[in-house]
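Each chain is listed here by its residues.
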Amino acid sequence: MKEVIIGGVGKYAPSKIITNDQLSEIIETSDEWIYSRTGIKQRHVSIGEDTSYMASEAAKMALENANIRSIDIDLIVVATCTPDMYTPSTACIVQSIIGANNSVAFDISAACSGFIYGLDVAKSLMKSNGYNNALVIGAENLSKSVDWEDRSTCVLFGDGAGAVVLSKSDNVGLISSFCKSEGEKYKCITIEGNDVDSPFVENKVIKSSKLKMNGNEVFKFATSTIVNSINKVLNENNLNLDDIDYIIPHQANVRIIDYAAKKLKVSVDKFYMNIEEYGNTSAASIPIALSEMWKKKLIKKGNKIILVGFGAGLTYGATLINWAI
Ligand code: COA
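The following refers to the structure shown.

1. Regarding the overall build of the chain
The number of helices and strands found in the chain is 10 helices and 13 strands. Whereas a compact globule of 325 residues would reach a radius of gyration of roughly 20 Å, the chain reaches 19 Å, a difference of no more than 12%. With respect to the principal axes defined by its C-alpha atoms, the chain has extents near 55 × 50 × 40 Å. A total of 325 residues make up the chain; the buried ones form 55% of that total. Sequence-distant contacts in the chain: of pairs separated by 6 or more residues, those separated by 24 or more amount to 75%.

Pasting the structure below:
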């Protein structure tokens, strides 16, 4: 068995929902502004669930869906920019919670592209190291990292997790993918770490642990990247958009997706969207969408799907999938 398929999907979203109207009670904003600029109506917000908990719940659902036991998992990759701790990795905490005692576990930091990066890394390791089953999880607790007094960012994000089980197979599942980074633009979105502070530091640098973003720059980057990434996977596989059943984009802003549909001259219905309910859940957005589509029976065996992500780093990437279950 030389190929890798997605054998199961799962998701978790906190039960606490905050609507745009509720936000307008704590900051100067309105449902009209948020919805018309972003397509977001509400977001799920943690009331204490940390990233590892949400990741574990999504992972348990994906394992059940794939009918695989946690002890049969060889690799756990968690994509997150909001880990529980600097160390250990969120993946190690997930390993402990779900009892996946036979796996190697680590995190990937590629923000909203993290799930695409995670699939690529897991597939490569499965092929090179002989792993049979892997969990790739996108999980975020952005509500602990946004500045709730900054209306230009706090309205955009939400919390949640999505997971897939990857398994070796004779069928082709993950057909092709690419990942790319533009580190020279790293200042566009940041969540900084600890201050460099010790008895040996003369000029202390004060950092901010809250998310900061240059929205206009990111918007320009996202609109060009989403189109180029989709075209790249299509060209590399000698396909055109008629061959594709669905595109699952990172859910950042409806206007980014509308722009992409127009530019690609394809109906916006080809793009799955659930940003209205979840907001931007960063690395979790694509696997949450995948899990939701599976549950709604929108995707069927043999469907060709493109996953496309973009975000802090700046990072981007896309994956072409043959749905094999
Ligand atoms: N409610 C009401 N007004 C708001 C607001 C809010 N929540 N946030 C910002 N504003 C105001 C601004 O202060 C500004 O007011 P001014 O003209 O008086 O200065 C005005 O709205 C326009 O702000 P602007 O930033 O130009 O809005 P925009 O139309 O560019 O939309 C974003 C802002 C953030 C929605 C948009 O830039 C975006 O989606 N960027 C991409 C972000 C993204 O996807 N990031 C994640 C990538 S993974």
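Let's pick the thread back up.
2. Remarks on the site of the ligand
Around the ligand sit 23 residues, and of these Thr29, Arg37, Arg151, Asn216 and Asn253 come closest. Between the ligand and Trp33 there is a distance of 3.3 Å, counted from an oxygen atom to a side-chain nitrogen or oxygen. The separation between an oxygen atom of the ligand and a polar side-chain atom of Arg37 is 2.6 Å. In isolation the ligand offers 960 Å² of accessible surface; the protein chains occlude 72% of this area. Among the elements of the structure, helix H2 (31-38), helix H6 (151-154), helix H7 (215-236), helix H8 (254-264) and strand E12 (304-311) are those that each provide at least two residues to the shell around the ligand. Top contributing element to the shell around the ligand by residue count: H7, with 4 residues. Looking at which domains feed residues into the shell around the ligand, each of domain 1 (3-171) and domain 2 (176-322) supplies at least three.

3. So, the packing of aromatic side chains
Counted under the stated rule, the structure contains 4 aromatic pairs. Between Phe178 and Tyr316 the ring centres are 6.3 Å apart and the planes differ by 75 degrees, which places this aromatic pair in the edge-to-face class. On the criterion of sequence distance, the pair formed by Phe178 in strand E8 (residues 174-181) and Tyr316 in strand E13 (residues 315-322) is long-range, its members being 138 residues apart. We classify Phe178 as buried; its relative accessible area is 10%. Between Lys41 and the ring centre of Tyr35, over which it is positioned, the NZ or CZ distance is 4.5 Å. The side chain of Lys232 reaches across the aromatic face of Phe178, ending 5.1 Å from its centre.

4. Considering the packing of H7 against H8
Direction vectors running N to C along H7 and H8 enclose 45 degrees, while the axes themselves pass 9 Å from each other. Relative to H8, the element H7 lies oblique. The handedness of the crossing between H7 and H8 is right-handed. Between H7, through Phe219, Ala222, Thr223, Ile226, Val227, Ile230 and Asn231, and H8, the contact on the second element is made entirely by Arg255, Ile256, Tyr259, Ala260, Lys263 and Leu264. Class assignment for the residues of the contact of H7 with H8 results in 9 nonpolar, 2 polar and 2 charged.

What counts as what
- Residues numbered from 1 in each chain as written.
- Predicted model: local features only at pLDDT ≥ 70, side-chain atom pairs only at ≥ 80, totals over all residues.
- Heavy atoms only, no water.
- Helix = DSSP H or I, 4+ residues; strand = E, 2+ residues; numbered from the N terminus.
- Rg over C-alpha atoms; globule rule 2.2 N^0.38 Å.
- Buried < 20%, exposed > 50% of the residue type's maximum accessible area, 1.4 Å probe, protein only.
- Contact = heavy atoms within 4.5 Å.
- Near = heavy atom within 4 Å.
- Polar contact = N/O pair within 3.5 Å; in protein donor to acceptor, adjacent residues only side chain to side chain.
- Areas by Shrake-Rupley, 256 points an atom, 1.4 Å probe, with all protein chains shown as cover.
- Domains from an automatic or database assignment.
- Phe/Tyr/Trp six-rings, centres within 6.5 Å; stacked < 30°, edge-to-face > 60°.
- Lys NZ or Arg CZ within 6 Å of the ring centre and 35° of its normal.
- Axes fitted to C-alpha atoms, helices over the stretch in contact; angles between N-to-C directions.
- Parallel < 35°, antiparallel > 145°, perpendicular 65-115°, else oblique.
- Left-handed = near helix turned anticlockwise from the far one by under 90°.
- Nonpolar A, V, L, I, M, F, W, Y, C, P; charged D, E, K, R; others polar.

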